[in-house]
Structure formats: C-alpha cells, structure tokens
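Below are the chains, spelled out letter by letter.
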Amino acid sequence: MTVLFLALLPYADAQPRVIELTADHDSRYKMAGQRTPEITVRAGEQVLLRVTARKGKSWNRDGSIHGFALLRAKDRSKVEGWDLLFKPGTQEFLLTAPEPGEYEAVCTVICSEDHEGMHLKVTVLP
Ligand SMILES: [Cu+2]
C-alpha cells in the first residue's frame, strides 16, 4: 500500500523528511528520544508523517482512534491538508509544511478523559 502511494506522487524523486510519531493509548503523542515531542520543519518542505496509533479508551464511530489537526498558534485556525485521522496500526501521510510560524497539533478524537492533553508543538522555519 505504501509503495503504491509513493509511486503515484508527482514529486516522487524529492525525498520527503520522514517523521515518526506515535499516537498512544494514554492519549499522548510520542516521538522516539524526545521527552516532550516537538516537530520542526521548513516551510514548503515535504513531510512523510508515519504514525503508529494505539487505541485509548474511546474512539470514533468510523474507527478513528486519534486525530491530528494542525492549528496556527496565533488564532487556532486549522491548516488546510493537515487534519488527519488515525486507525489502529501504522499509516503514512505525505504533507507539505505550511508558512513559517508556530503551530500546535491537537488530537481531534475524544480518545479518553486525557484527550485535552494530547497536543504537540510544531515549528515551521523559513
Ligand atoms: Cu487522541
């Protein structure tokens, strides 16, 4: 499935930056080697977000167990193309980093009573 996905990309020769993220059962985003996970990318950069999701205590009717919406820190508005839903297991999303600035990624699925604490700082450099 991943191979097919990549083969269909018009810019398949440009290597995207791979970011591995866990959306965990305890309603937290986690990244290997980071106590407080944080993502830093460059504006316009192609990002392959590889997400491993594990079920919390509740999930959506469609089977989504966590989400990831990118919000601009200044006004909490959503960044187009960065509103993702995760199923259990590993999945990949090819994304384009937005304009430079400070952002926050938030979970959009009520995944447990700790859902409100499921967020992650994202910085986009020029
Ligand atoms: Cu969640």
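Each chain carries its own residue numbering, running from 1 in the written order of its sequence. The predicted nature of this model means local features are confined to residues of pLDDT at least 70 and side-chain atom pairs, given and counted, to a pLDDT of 80 or more, with totals for whole chains, interfaces and linings taken over all residues. Calculated side-chain values reflect all of the structure's heavy atoms, with hydrogen atoms and water omitted.

1. Regarding the packing of aromatic side chains
Worth spelling out the cut-off: Working definition: rings of Phe, Tyr and Trp (its six-membered ring) pair if their centres are within 6.5 Å, and the pair is stacked with planes under 30 degrees apart, edge-to-face with planes over 60 apart, and tilted otherwise. Put simply, DSSP H or I for four residues or longer makes a helix, DSSP E for two residues or longer makes a strand, and each gets a number counted from the N terminus. Here's how the labels work: a residue is buried when its accessible area is under 20% of the maximum for its type, exposed when over 50%, partly exposed in between, all with a 1.4 Å probe on protein chains only.
Taken as a whole and judged by the stated rule, the model has four aromatic pairs. A centroid spacing of 6.4 Å and a plane angle of 50° characterise the contact between phenylalanine 68 and phenylalanine 86, whose relative ring orientation is tilted. Placement of the pair is phenylalanine 68 in strand S5 (residues 66–72) and phenylalanine 86 in strand S6 (residues 78–86), with a sequence separation of 18 residues. The pair phenylalanine 68 / phenylalanine 86 is uniform in exposure class, with both members buried. Arranged with centres 5.6 Å apart and planes meeting at 55°, the rings of phenylalanine 86 and phenylalanine 93 form a pair that is tilted. Accessibility assignment for this pair places phenylalanine 86 and phenylalanine 93 in one class, buried. Through a chain of ring-to-ring contacts, three or more aromatic side chains come together here, namely Tyr29, Phe68, Trp82, Phe86 and Phe93.

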